Amino acid sequence: MFKKILVANRGEIACRVMRTAKRMGIATVAVYSDADARAPHVLMADESVRLGPAPAADSYLKAELILLAAKETGADCIHPGYGFLSERESFARACAEAGIAFVGPPPNAIAAMGDKIESKKLARAAGVNVVPGFVGEIADTEQAVRIAGEIGYPVMMKASAGGGGKGMRLAYNEQDVREGFEATRREGLASFGDDRVFIEKFIEQPRHIEIQILGDQRGNIVYLGERECSIQRRHQKVVEEAPSPFVSPEMRRAMGEQAVALARAVGYYSAGTVELIVSGADPTGAGFYFLEMNTRLQVEHPVTEEITGLDLVEQMIRVAAGEKLAFTQDDVRLSGWAIENRVYAEDPYRGFLPSTGRLVRYRPPVEMRDEDGVTRVDDGVTEGSEISMFYDPMIAKLVTWAPTREAAADRQVAALDRFRIDGIGHNIDFLSAIMQHPRFREGALTTGFIAEEYPEGFEGAPASPELRRRLAAAAAVIDLERTRRAGEISGQLNGPVAPKGERVVTVDGERFEMTVENQSGVQLVRGAGEPMELIGHWRPGEPLFAVRIDDAPLTVGVERKGAAWRLTAHGAAHRIEVLPPHVAQYRHHMIEKVPPDLSKFLLAPMPGLLTRLHVAPGDRVEAGQPLAVVEAMKMENILRAERAGVVKAANFAPGESLAVDVAILEFE
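Throughout what follows, the structure given in this document is the object of discussion. Since the structure is predicted, the reported quantities are computational estimates derived from the model, not experimental observations.

Cut-off values and rules
Residues numbered from 1 in each chain as written. Predicted model: local features only at pLDDT ≥ 70, side-chain atom pairs only at ≥ 80, totals over all residues. Heavy atoms only, no water. Axes fitted to C-alpha atoms, helices over the stretch in contact; angles between N-to-C directions. Helix = DSSP H or I, 4+ residues; strand = E, 2+ residues; numbered from the N terminus. Parallel < 35°, antiparallel > 145°, perpendicular 65-115°, else oblique. Contact = heavy atoms within 4.5 Å. Nonpolar A, V, L, I, M, F, W, Y, C, P; charged D, E, K, R; others polar. Left-handed = near helix turned anticlockwise from the far one by under 90°. Buried < 20%, exposed > 50% of the residue type's maximum accessible area, 1.4 Å probe, protein only. Arc of directions from axis to C-beta.

1. Let's talk about the packing of helix α4 (residues 89-97) against helix α5 (residues 107-114)
It is the contact of α4 with α5, at a shortest axis distance of 8 Å, that shows an interaxial angle of 175°. What the angle tells us is that α4 and α5 run roughly antiparallel. Contacts between α4 and α5 involve E89, A92 and R93 on the former and, on the latter, P107, N108, I110 and A111. Class assignment for the residues of the contact of α4 with α5 results in four nonpolar, one polar and two charged.

Take a look at the structure:
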């Protein structure tokens, strides 16, 4: 077995690999950029080596620096994690040439599966279902039009070396092909240095399902069930689960056997994933087709670990050390249901704009393993960490396991309520809303789920009448505790004044008249239907209130906003007013603060870098005209004029950093 492992990655996956390595008694080495000098993965490792400046191209993508770090620290193996160098054939080959074990597949397998056109040819030769299409090189637009017509519309045009949703165009007719083929070629060349394009049939009601495989260096290969990854946004996965609610045992076996056949055809070993596009419109389950193979550990591997009981990182390390798999296909058993949600630094209330900055508060739910299930948090940040524009915006992965799919989803909702993140935007409310969505609960998933269910954007999960009633009760108790604490401030005449228990509570416009009584440590709340019993104590300043209401648990995020409370639970934040009755009767006399008119300003929708400014003071602009370009999270965002006008002032110049909501331009 290895003595020391270098993890050529950062963030949560670096921490994830190190936890397993430490459990196996293997010393760990971290590498880091200047942006990650005090990151958790660096502090967790036994040794650490600086690579270079913050940009990945100057640090984590520098293979020669990583190999030098391994030699200097005496590491005898390297785990690449995912992303960065994990699927670079040249890096795996360089490790072998340096006499350092690469914890992953052989270089020839990485090369074979890294080219989408060649991998489809290999898959077809291995007897794997392949989407009907043309997998050779396409010379020009006219040939593309002929091929698309022969396949039958709709078709998908894809860059051969593409990935991450880049270099893809959907065509419903000949005009779409003529308009999109050259654009797809240009995107492939610009992003991946390869302008080859292939065309294939577009699968209707598509589901994204993948098979986890694991092999050793002696030719033993098994499949570990499937994962459903259909809930995506812009081709990036958001929710993953295992098993899939769509896959039958027969379908699982057929998929798994084809995945193993493909792996065997390229001499594969270590962990890998065969991704499939599956037709949800085909009730027979026969409509599944090879999409691509990821020759690395997947982000969503924890859900497979939870239903199989295997540690995939440990298995990868053992395979790299030459050990034989300790089990066969007949030994693989799938137990219960696991769901993973990716917690991202993005604001779903503002069109999922990326968010960067410092985690002023970061309190994930406590990891738990009990008779009801599992709550697991894989992260690589701590309170005070910086979410940088240089790297992926994922903050953490929340994984739950339970005996049933419904119970695993319920556990997700409860755990998401216990997350507390301040300082940056995040998608926790959105994830909770998905977990509660009737269509998700039915398992009626496609890759278009988010676009179809949230066509106008996300505005928070709808609250049931029962949830509003419970929030009103919690708010009344919170407000009384705040009043009681304020009454204990020293220097008052005649001692503290005991607050009365009557409160008028308004939740999203709905009014509740409530009375709170303390009976032997239990708060009895009357006035909103049947009396409610609340067990739990909140102290002023605490960001969460964990309470049991009529013996049902509820965790509420608590924040004071001016004269009102902001309580967050079950996928939405609610503005709640709590007033004593003698004040509430005059509520209609209280003047609401009118928000300022910002229509004359172009505001930065997210923190980032102003890369281009297309206008100057005095210029006349028309509606829809590009005004500026802001770069955030390695993506360019074009800001356009909402209406016609004249530029009065430019407050920033290209190259300057922007905070969210700063005024870039002012109009007359």
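2. Let's talk about the packing of helix α12 (residues 405-418) against helix α13 (residues 428-436)
Viewed as axis vectors pointing N to C, α12 and α13 meet at an angle of 155°, and their least axial separation amounts to 9 Å. In this view, α12 runs roughly antiparallel relative to α13, as classed from their interaxial angle. Both α12 and α13 take part in a crossing whose hand is left-handed. Counted together, A409, Q412, V413 and L416 of α12 and I428, L431, S432, M435 and Q436 of α13 form the full contact between these two elements. Tallied by class, the residues present in the contact of α12 with α13 amount to six nonpolar, three polar and no charged.

3. A short note on helix α6 (residues 116-125)
Taken together, the buried positions of α6 are occupied by K116, I117, S119, K120 and A123. Along the axis of α6, the buried positions cluster into a sector of 165°, meaning they face one direction only. Against α5, β7 (155-159), β9 (197-201), α9 (249-265) and β16 (288-294) lie the buried residues of α6. Once α6 finishes, G127 follows within two positions and takes phi at roughly 85°, a positive value.

4. A word on the environment of V615
Topologically, V615 is positioned in the loop between β36 (608-613) and β37 (620-621). With near-sequence residues (within four places) excluded, V615 lies in contact with V621, Q625, L627, V647 and L665.

By themselves, these observations are geometric and do not establish any function.
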